[in-house]
Amino acid sequence: GNSVTQMEGPVTLSEEAFLTINCTYTATGYPSLFWYVQYPGEGLQLLLKATKADDKGSNKGFEATYRKETTSFHLEKGSVQVSDSAVYFCALSESLSNTGNQFYFGTGTSLTVIP
Amino acid sequence: GAGVSQTPSNKVTEKGKYVELRCDPISGHTALYWYRQSLGQGPEFLIYFQGTGAADDSGLPNDRFFAVRPEGSVSTLKIQRTERGDSAMYLCASSPGGGPEAFFGQGTRLTVV
């Protein structure tokens, strides 16, 4: 079956530090991969995506590369800011003929950036 | 509106009562999803609509949960005889259909006391 495993938190970093949040997946087919971000009290916002192997998704300084050989989609940012404090979810979506694009989410990693 | 809208944003109800949660998807999106997110967890799939029909309801935990989308736009998630374990954030998402991406609403936080 499909599943996503991501690095457990919480993660606390100083401003301008380098961020890595690990994510690995298991899928029966050829999924698309996503990182969603959830700020306190809010819903999920799409941060970035990659739809096929070796694609790199990027947005707001965050990057993640779809690695089929290691079944990974690690999130990175070179220099975090206080405003990046949030919970980050790795997710996969697999298009199936009768079930659309069902999403499978990791458990989330809480990031706190301190000044 | 521009995004997925969910109402109410917060709902407190007594154990045993009936609740309805509403989702207004992005206009023109044919696919609509409901997810449930417990504290400290990732969202878990409940049900998926393609148009008016429920294409996959395998995530509904039991027969107290039901969802409809009668005109292929707005959807209502209905929970009967609520239990304290139903307390969670209920998230709705929509997508144009055919693409891998989904857009999430702000969620409804349900608390059963």
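Reading guide: rules and limits
Residues numbered from 1 in each chain as written. Chains lettered and ligands numbered in written order. Predicted model: local features only at pLDDT ≥ 70, side-chain atom pairs only at ≥ 80, totals over all residues. Heavy atoms only, no water. Helix = DSSP H or I, 4+ residues; strand = E, 2+ residues; numbered from the N terminus. Rg over C-alpha atoms; globule rule 2.2 N^0.38 Å. Buried < 20%, exposed > 50% of the residue type's maximum accessible area, 1.4 Å probe, protein only. Contact = heavy atoms within 4.5 Å. Areas by Shrake-Rupley, 256 points an atom, 1.4 Å probe, with all protein chains shown as cover. Lys, Arg positive; Asp, Glu negative; His and termini not counted. Charge placed at Lys NZ, Arg CZ, Asp CG, Glu CD. Core = buried A, V, L, I, M, F, W, Y, C linked by side-chain atoms within 4.5 Å. Buried area = accessible area lost by both parts, 1.4 Å probe. Salt bridge = Lys/Arg side-chain N within 4 Å of Asp/Glu carboxyl O. Nonpolar A, V, L, I, M, F, W, Y, C, P; charged D, E, K, R; others polar. Disulfide = S-S within 2.5 Å.

### A few points about the overall build of chain B
When helices and strands are counted, chain B shows zero helices and 11 strands. When the elements of chain B are put in sequence order from the N terminus, they spell out β-β-β-β-β-β-β-β-β-β-β. Taking 13 Å as the expected radius of gyration for a compact globule of 113 residues, we find that chain B reaches 13 Å, a close match to that expectation. Each of the three principal axes of chain B carries a C-alpha extent, and together these read 40 × 25 × 25 Å. Counting all 113 residues of chain B, 46% fall into the buried class. Intrachain contacts of chain B at a sequence separation of at least 6 include 52% that bridge at least 24 residues. Total accessible area on chain B is roughly 5,300 Å²; 47% of this is exposed by carbon and sulfur atoms. Chain B carries 11 positive and 11 negative side-chain charges, and their two centres are separated by 8 Å.

### Regarding the nonpolar core
Counting residues in each nonpolar core, the largest one holds 25 residues, and the members touching the most others are A:Trp35, A:Leu47, A:Leu48, A:Phe73, A:Leu75 and A:Tyr88. Those elements that place two or more of their residues in this core are strand 2 (11-14), strand 3 (19-21), strand 4 (23-26), strand 5 (32-38), strand 6 (44-50), strand 8 (62-65), strand 10 (86-96) and strand 12 (109-114) of chain A. B:Trp34, B:Phe49, B:Phe65 and B:Leu77 belong to the second largest nonpolar core, which has 20 residues in total.

### With respect to the interface of chain A and chain B
Counting residues at the interface gives 21 residues for chain A and 20 residues for chain B. Buried surface at the junction of chain A and chain B, summed over both partners, amounts to about 1,700 Å²; 52% is from carbon and sulfur atoms. Taken as a group, A:Leu44, A:Asn101 and A:Phe103 account for 27% of the area that chain A buries against chain B, more than any other trio of residues on that side. Counting the contacts that link chain A with chain B gives one salt bridge. With a shortest N-O distance of 2.4 Å, B:Glu101 and A:Lys49 are connected by a salt bridge. Breaking the side of chain A that touches chain B down by element, the ones donating at least two residues are strand 5, strand 6, strand 10 and strand 11 (100-105) of chain A. Considering each element in turn, the side of chain A that touches chain B owes the most residues, five residues, to strand 11 of chain A. Of the residues belonging to the side of chain A that touches chain B, the class tally is seven nonpolar, 12 polar and two charged.

### Points about the state of the cysteines
Residue and element names in this part refer to chain A. One pass over the structure, following the stated rule, counts two disulfides over all chains. Sulfur-sulfur distance for the disulfide between Cys-23 and Cys-90 comes to 1.9 Å. The disulfide joining Cys-23 to Cys-90 has a torsion of about -70° about its S-S bond and is therefore left-handed. Taken together, the positions of Cys-23 in strand 4 and Cys-90 in strand 10 put the pair 67 residues apart, joining distant regions of the chain. You can call Cys-23 buried: its relative accessible area is 0%. The exposure class of Cys-90 is buried, given its relative accessible area of 1%.

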